[in-house]
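An overview of the molecular structure
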Amino acid sequence: VQLQASGGGLVQPGRSLRLSCAASGLTFTKYIMAWFRQAPGKEREFVATITGSGSISEYADSVKGRFTFSRDNAKKMVYLQMNSLKPEDAAVYYCAAGPSWGRLRYIEKGYDYWGQGTQVTVSS
């Protein structure tokens, strides 16, 4: 299984960025997907998760209303559209794949596979 995250970069506050994650080696629709992020000196934290069908997505309170998580099952891709970015959104963003939409979906333990991370920097 491979998860390849991309799309990070340097962006000014208030602007937008779209992250992508390409999956291979797994039956994609059987997995929920998630984004986590880790800022320097902080624990990795949950950002968003989405069901295998893409019909339901959930977000951390800190990004709700600004970020949109979607997936294209035909392409085995997930996307995180990040709007109105703030300096506190700066972090390394990781995509992850997990086996079930259960109570563990908000924590790292709920995911079996991880991408390598993509850096997002929000600064003027």
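See the structure shown above.
Attention here is on the structure that accompanies the text.

1. Overview of the state of the cysteines
- Counted under the stated rule, the structure contains one disulfide.
- Covalently, Cys21 is tied to Cys95 through a disulfide, its sulfur atoms 2.1 Å apart. Here the disulfide of Cys21 and Cys95 is right-handed, its torsion about the S-S bond being about 60°. In this pair, Cys21 is assigned in strand β3 (residues 17-24) and Cys95 in strand β9 (residues 91-98), connecting sequence segments 74 residues apart.

2. A closer look at the pattern of salt bridges
- Inspection of the entire model under this criterion finds six salt bridges.
- A salt bridge links Asp89 to Arg37; the shortest N-O distance between them is 2.9 Å. One end of the pair, Asp89, is in the loop between β8 (77-82) and β9; the other, Arg37, is in strand β4 (residues 32-38), with 52 residues separating them in the sequence.
- A residue is classified by how much of its surface remains accessible, and Asp89, at 1% relative accessible area, is buried.

3. Some points on the packing of aromatic side chains
- Evaluated as defined, the whole model comprises seven aromatic pairs.
- In textbook terms, an aromatic cluster arises when at least three aromatic residues are bridged by ring pairs, as seen for Phe36, Phe46, Tyr106, Tyr111 and Trp114.
- Positioned above the aromatic ring of Tyr94 is the side chain of Arg44, whose terminal nitrogen or guanidinium carbon lies 4.5 Å from the ring centre.
- Above the ring of Phe28, the side-chain terminus of Arg71 is found at 4.3 Å from the ring centroid.

4. Notes on the environment of Ser84
- By the secondary structure assignment, Ser84 is in the loop between β8 and β9.
- Apart from the residues within four sequence positions on either side, Ser84 is in contact with Gly14, Arg15, Ser16, Arg66 and Asp89.

5. Observations concerning unusual backbone geometry
- For Lys76, which is not glycine, the phi torsion reads 55° and is therefore positive.
- Even without being glycine, Ser84 reaches a positive phi, approximately 50°.
- The partly exposed category is assigned to Ser84, whose relative accessible area is 40%.

6. A look at the pairing of strand β11 (residues 118-122)
- The alternating pattern of β11 places Thr118, Val120 and Val122 on a buried face, while none of Gln119 and Thr121, on the opposite face, is buried.
- In this sheet, β11 lies alongside strand β2 (residues 9-11) in parallel orientation, the contact comprising three bridges. Bridge pairing in β11 places Val11 opposite Val122.

7. A word on the sheet that holds β8
- In space, the four strands of this open sheet follow the order β1-β3-β8-β7, with antiparallel pairing throughout. Both edges of this open sheet fall to β1 (2-6) and β7 (67-72), since each of them pairs with a single strand only. If you compare each strand with its neighbour and ignore which way they point, the axes differ by 15° on average.
- Note: β3 against β8, six bridges, orientation antiparallel.

8. Let's talk about the nonpolar core
- If you look at the biggest cluster of nonpolar residues, it comprises 36 residues, and the most contacted ones within it are Met33, Trp35, Phe67, Phe69, Leu80, Met82 and Tyr93.
- Sorting the residues of this core by element identifies β1, β3, β4, β5 (45-50), β7, β8, β9 and β11 as the ones contributing at least two each.
- In contact with Tyr93, other than residues within four places in its own chain, are Leu19, Trp35, Phe36, Arg37, Val47, Phe67, Leu80, Met82, Gly117, Thr118 and Val120.

Calculation notes
Residues numbered from 1 in each chain as written. Predicted model: local features only at pLDDT ≥ 70, side-chain atom pairs only at ≥ 80, totals over all residues. Heavy atoms only, no water. Disulfide = S-S within 2.5 Å. Helix = DSSP H or I, 4+ residues; strand = E, 2+ residues; numbered from the N terminus. Salt bridge = Lys/Arg side-chain N within 4 Å of Asp/Glu carboxyl O. Buried < 20%, exposed > 50% of the residue type's maximum accessible area, 1.4 Å probe, protein only. Phe/Tyr/Trp six-rings, centres within 6.5 Å; stacked < 30°, edge-to-face > 60°. Lys NZ or Arg CZ within 6 Å of the ring centre and 35° of its normal. Contact = heavy atoms within 4.5 Å. Pairing = 2+ DSSP bridges. Axes fitted to C-alpha atoms, helices over the stretch in contact; angles between N-to-C directions. Core = buried A, V, L, I, M, F, W, Y, C linked by side-chain atoms within 4.5 Å.

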